Amino acid sequence: MSQAEELATGDSAEPWQRVHPASPFVHGWLAIIGLGYIYWQNTDDLSWAERFSGTRLMWTVAGAGIALAVVLIFYFLSWYFTRYKLTSTHVYVNSGMLFRSQKQARIDKVQGIDIAQPLVARLLGLAELRFDVADSSESVLRLSFLRKADAHALRVVILERARGEEPAAAQESGSHDAADRAAAQPQAAADALPLMANVPIGRLIGSMFLQLPVMFGVLACLAMLVLWLAGVDGIIAALVPAALAFGSFYYKQLNQGWNFTASASDTGMRISYGLADTRQHSIPAGRVQAISVTAPFFWRMLGWYKVEVNVLGTKSDDADNLQVLPVGDFESVARIMGILLPDLGVANQREVLATAVSTGCEHGFTGSPERAKPLSPGAWKHQAFLATGTTVISRYGWLARQASFVPHNRVQGMSWGQGPWEQGRKLAGVRLHCAGGNIIGYLHQIDADTAAEFIRAQTRRLVER
Amino acid sequence: MATATPWSPNNFTPAHRDYAKVKFTTWAITWGLFLLAALVPAVLAVTGVGIPLWLVLSPVLLVLAIALPALRIIRRQVAALGYLEREEDFIVRSGVMWRKQVVIPYGRMQYVEVNSGPLERRYGLCQLTLNTAGSAATAHVYGLPEREGQALRERLVAAGEEKML
């Protein structure tokens, strides 16, 4: 740490810079609302006329003035002590007045930079940079907030330095006009990236209502509403929390799919989405651990799929799995798979992929035997697997059918399992566990001898690379 | 009869016999507590609170109905435990009704833990946990004699360093 401090106190010519002055407000706008609310709560017996007349006027104005001054002083100090610096090797972020924190990230270890815009920041045209650093798993370095154009410019500069180039604009990266000049380019560059998939809003909303949990939620809420209108009083106590829980789930899905675009970048893929808060997220292809393509029950009739991945180093995400396509057709799935998993280990990739996301045993897939029918009557025809030269493809699931793709060199461990009903029918299952999320490869209810043979062959494949 | 598992059970190093005693003691403590809770209505009835007979009997019968079958299979469960060290990977098996074998290649190993609780220490046993980057891919070895546990840990760490990818 002492070495880092020495570095952080500045041996380099690069100057320290401050974040945008509005940043504390974006971090702490809730405090202002809170103060207003407290005031409101304590004076709600007064009318507006009473608040602003006579001696009370003076108290109101003085109170508001003092509160404003205190808030502004804290905001100023918070802003004053938050500084960042970009050198040729590191990014430093210092913050805090009483409890100082100094964080740094090595630029050559930076895997990707996300740009996030919470709602208030977005209204003010600000953005936050989140550095995804390879060697630190516990905390993500955040730099918040910069003007959106500056954030994009800084991102380009750092990514270029991470690749070992020294761009012309970065020579004087301290000055604002350099940032302004660079600001025009990344916008153009972002537009030039080949677009892999986007999600029209109508399709997004349609896809959300065509999921069974959502339909059940809507039906349950409607039923409770009808009961309430019919005069059952107590039901409102259940309706409100149910509607809130369901609403937040729905909003999260809407937010993750709103304005969704996925584009190819030179290191992998970049996705951006967001309704109120916008996120731009880059996914280096080499960090994808496992991919799952899901087709919920009603989507199958429309040929829609959802693609999720397990990735390392995005611990800032609340979800375990990262959604790289909220809803899309087979063409989009094929394009995205082409980037994230360019080598499927077979000659006829497209045909194998088409079989993997549908049903059938062409192209070498091995399915569940018919004696699995009593154990999973809805799914046994769909369950199948294929081990290619690079990847294990497995299909499972009943209502929401899933296909998961796990590269051999990403498998952390395997487990073979056999329940009491499977023992009598000579069936067994194999799970392939990966890091970075909860997508697994699952060979469900396949022939016991095939399972034993597969797991013995797979142990050899795991140690080959 | 049951079908074959990928690796034959007779190659595996089984858990120490004393591990069954640990399991018996755990069983006695856990179900003893449940039985005490189930006896509350009976105590109340004795002290004169009017409680119907079925409410006195049913919790006790329920606890016994779950606890006694659990007691019967402890020996078989302990006998089903085992581990197998191979050239490139480590295999752990467990389960009688739900049989399971977990395979972890040495190259994917991240760290090895050896733990022993007070009960296990009394019989000179320990348990070993093998962790990888994936939280689900974890192998537990139960009922190892302490000396063997330390030796196994050394061997695993050495193999992990050698096979590190």
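Residues numbered from 1 in each chain as written. Chains lettered and ligands numbered in written order. Predicted model: local features only at pLDDT ≥ 70, side-chain atom pairs only at ≥ 80, totals over all residues. Heavy atoms only, no water.

J.: Could you give me a rundown of the overall build of chain B, with the residues and numbers involved?
T.: Secondary structure assignment for chain B yields five helices and seven strands. Taken from the N to the C terminus, the helices and strands of chain B come in the order β-α-α-α-β-β-β-β-α-β-β-α. Counting across all 165 residues of chain B, residues that qualify as buried make up 37%. In chain B, 53% of the contacts between residues at least 6 apart in sequence involve partners at least 24 apart. When the accessible surface of chain B is summed, it comes to about 9,500 Å², and 63% of that surface belongs to carbon and sulfur atoms. (Helix = DSSP H or I, 4+ residues; strand = E, 2+ residues; numbered from the N terminus. Buried < 20%, exposed > 50% of the residue type's maximum accessible area, 1.4 Å probe, protein only. Contact = heavy atoms within 4.5 Å. Areas by Shrake-Rupley, 256 points an atom, 1.4 Å probe, with all protein chains shown as cover.)

J.: A description of helix α2 (residues 23-42) of chain A should follow, citing residues and the corresponding values.
T.: All names here are of chain A. Here α2 contains 20 residues, and its C-alpha end-to-end distance of 30 Å stays within 8% of the 28 Å for a straight helix at 1.5 Å per residue. By the largest-angle criterion, Trp29 marks the main kink of α2, which is about 55°. Every buried residue belonging to α2 is among Ser23, Pro24, Val26 and Gly28, and all of these are buried. Residues of α2 that are buried make contact with α4 (54-80), α5 (119-123), β6 (126-133) and β7 (141-147). (Expected span 1.5 Å × (residues − 1). Bend = angle between axes of the 7 residues up to and from the residue.)

J.: Talk me through the packing of α2 of chain A against α4 of chain A; I want residue IDs and the actual numbers.
T.: Think of two packed helices as two axes; the pair is described by the angle between the axes and how far apart they sit. Residues and elements named next belong to chain A. Relative orientation of the contacting elements α2 and α4 amounts to 160°, with a least axis distance of 11 Å. With respect to each other, α2 and α4 are oriented roughly antiparallel. As for the relative orientation of α2 and α4, their crossing is right-handed in sense. Here Pro24, Phe25, Gly28, Trp29, Ile32, Leu35 and Tyr39 of α2 come into contact with α4, specifically with Thr60, Ala67, Val71, Tyr75, Ser78 and Trp79. Tallied by class, the residues present in the contact of α2 with α4 amount to ten nonpolar, three polar and no charged. (Axes fitted to C-alpha atoms, helices over the stretch in contact; angles between N-to-C directions. Parallel < 35°, antiparallel > 145°, perpendicular 65-115°, else oblique. Left-handed = near helix turned anticlockwise from the far one by under 90°. Nonpolar A, V, L, I, M, F, W, Y, C, P; charged D, E, K, R; others polar.)

J.: Which residues make up the sheet that holds strand β18 (residues 401-407) of chain A, and what values do they have?
T.: All names here are of chain A. Sheet architecture is open: seven strands sit in the order β14-β13-β12-β18-β17-β16-β15, paired in antiparallel fashion. The strands lining the two open edges of the sheet, one partner per strand, are β14 (322-328) and β15 (366-367). Note: strand β12 (residues 288-295) against strand β13 (residues 305-311), six bridges, orientation antiparallel. Looking at β13, one finds that Val293 is bridged to Val307. Packed on one face of the sheet, helix α15 (residues 448-464) meets β15, β16 (384-387) and β17 (391-396) and runs near 30° to β16. (Pairing = 2+ DSSP bridges.)

J.: Hey, could you go over the interface of chain A and chain B for me, with residue numbers and the actual values?
T.: Of the residues lining the interface, 27 residues belong to chain A; the matching set on chain B comes to 27 residues. Of all residues in chain A, Gln412, Trp416 and Gln423 of chain A bury the most surface against chain B, accounting for 29% of the area lost on that side. Between the two partners, chain A and chain B, sit zero salt bridges. Applying the counting criterion to the chain A and chain B interface returns eight residue pairs in polar contact (both at pLDDT 80 or more). (Buried area = accessible area lost by both parts, 1.4 Å probe. Salt bridge = Lys/Arg side-chain N within 4 Å of Asp/Glu carboxyl O. Polar contact = N/O pair within 3.5 Å; in protein donor to acceptor, adjacent residues only side chain to side chain.)

J.: Describe the sheet that holds strand β3 (residues 89-94) of chain B, and please don't skip the residues or the numbers.
T.: On the basis of which strands lie adjacent, the open sheet formed by seven strands has the order β21(A)-β20(A)-β19(A)-β4(B)-β3(B)-β2(B)-β1(B) and antiparallel pairing. Among the strands making up the open sheet, the edge pair consists of β21 (441-447) of chain A together with β1 (13-14) of chain B. Both strand β20 (residues 427-433) of chain A and β21 of chain A contribute to a ladder of five bridges, which runs antiparallel. Looking at β21 of chain A, one finds that Leu432 of chain A is bridged to Gly441 of chain A. Contacts from α15 of chain A reach β19 (413-418), β20 and β21 of chain A together with β3 and β4 (99-105) of chain B, with the element oriented near 25° to β20 of chain A.

J.: Would you mind going over the confidence of the model for chain A in detail, with residue names and values included?
T.: All names here are of chain A. Summing up the model confidence of chain A, the mean pLDDT is 79 and the portion of residues at 70 or higher is 87%. Every residue in residues 1-11 scores below 50 in pLDDT, and together they form eleven contacts with partners more than four places removed in sequence or on other chains. Per-residue pLDDT stays below 50 along residues 167-190; that stretch engages in 27 contacts with residues further than four places along the chain or on separate chains. (pLDDT = per-residue confidence, 0-100.)

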